[in-house]
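Chain by chain, the residues run as shown.
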Amino acid sequence: MEAELTSLAQSAGATLVTLMATDAWQRTRDGLTGLWHRLQPERAQTVAAELETGREDVLAAIAADDQQTLNEVRLQWQGLLRRLIVAHPGAAEELRQLLDEVDPGGAAPHRITQQATASGQAKVYQAGRDQHITER
């Protein structure tokens, strides 16, 4: 169960950062703030402020093509979301429903960045999804 919650938090954090730069942002922010307000009302105002700051950081990072900042914001939200759903397991389903509502079918564009270094006779194989290698 712990692995499933961690996976959900990772996916949700990545989706959240993607949605911060889209037209779905307002609904996403309102939904997450509402989730915190119901489950941890003492933190809701702080989370709302962190969402706004995170969005500003994401927009600036996109404009500057700053992948490091995008990764940092993604990790921050993955951690916050994971702690929320660990403390309130029922929040996992609410979070899934919220993401399905604001990003049906995972339509938010996901950016995949890969980097590899090889030397000598080494070969590097990278894939964003399935990969089939048939050479021997």
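Structure first, text after, so check above.
What counts, and at which threshold
Residues numbered from 1 in each chain as written. Predicted model: local features only at pLDDT ≥ 70, side-chain atom pairs only at ≥ 80, totals over all residues. Heavy atoms only, no water. Salt bridge = Lys/Arg side-chain N within 4 Å of Asp/Glu carboxyl O. Helix = DSSP H or I, 4+ residues; strand = E, 2+ residues; numbered from the N terminus. Buried < 20%, exposed > 50% of the residue type's maximum accessible area, 1.4 Å probe, protein only. Phe/Tyr/Trp six-rings, centres within 6.5 Å; stacked < 30°, edge-to-face > 60°. Axes fitted to C-alpha atoms, helices over the stretch in contact; angles between N-to-C directions. Parallel < 35°, antiparallel > 145°, perpendicular 65-115°, else oblique. Left-handed = near helix turned anticlockwise from the far one by under 90°. Contact = heavy atoms within 4.5 Å. Nonpolar A, V, L, I, M, F, W, Y, C, P; charged D, E, K, R; others polar.

A. Summary view of the pattern of salt bridges. One pass over the full model with this rule turns up five salt bridges. Between arginine 96 and glutamate 4 there is a salt bridge whose closest N-O contact spans 3.0 Å. Of this pair, arginine 96 sits in helix α5 (residues 91–102) while glutamate 4 sits in helix α1 (residues 2–19); the two residues are 92 residues apart in sequence, bridging distant segments of the chain. Between glutamate 94 and arginine 38 there is a salt bridge, with the nearest N and O atoms lying 2.7 Å from each other. Placement of glutamate 94 in helix α5 and of arginine 38 in helix α2 (residues 25–39) is noted, with a sequence separation of 56 residues between them. For glutamate 94, a relative accessible area of 28% puts it in the partly exposed group.

B. Structural context of the packing of aromatic side chains. Going through the model one piece at a time under the given rule, you end up with one aromatic pair. With 6.2 Å between their ring centres and 80° between their planes, tryptophan 36 and tryptophan 77 make a pair best called edge-to-face. Of this pair, tryptophan 36 sits in helix α2 while tryptophan 77 sits in helix α4 (residues 67–87), and the two are 41 residues apart along the sequence. The exposure classification of tryptophan 36 matches that of tryptophan 77, with both residues buried.

C. Examining the packing of α1 against α5 more closely. Running from N to C, α1 and α5 point in directions that differ by 30°, and their axes come no closer than 11 Å. It follows from the interaxial angle that α1 and α5 lie roughly parallel. As for the relative orientation of α1 and α5, their crossing is left-handed in sense. Every residue of α5 that contacts α1 at Glu4, Leu5, Leu8, Ala12, Thr15 and Leu19 is listed here: Ala92, Leu95, Arg96, Leu99 and Val102. Residue composition of the contact of α1 with α5, by class: eight nonpolar, one polar and two charged.

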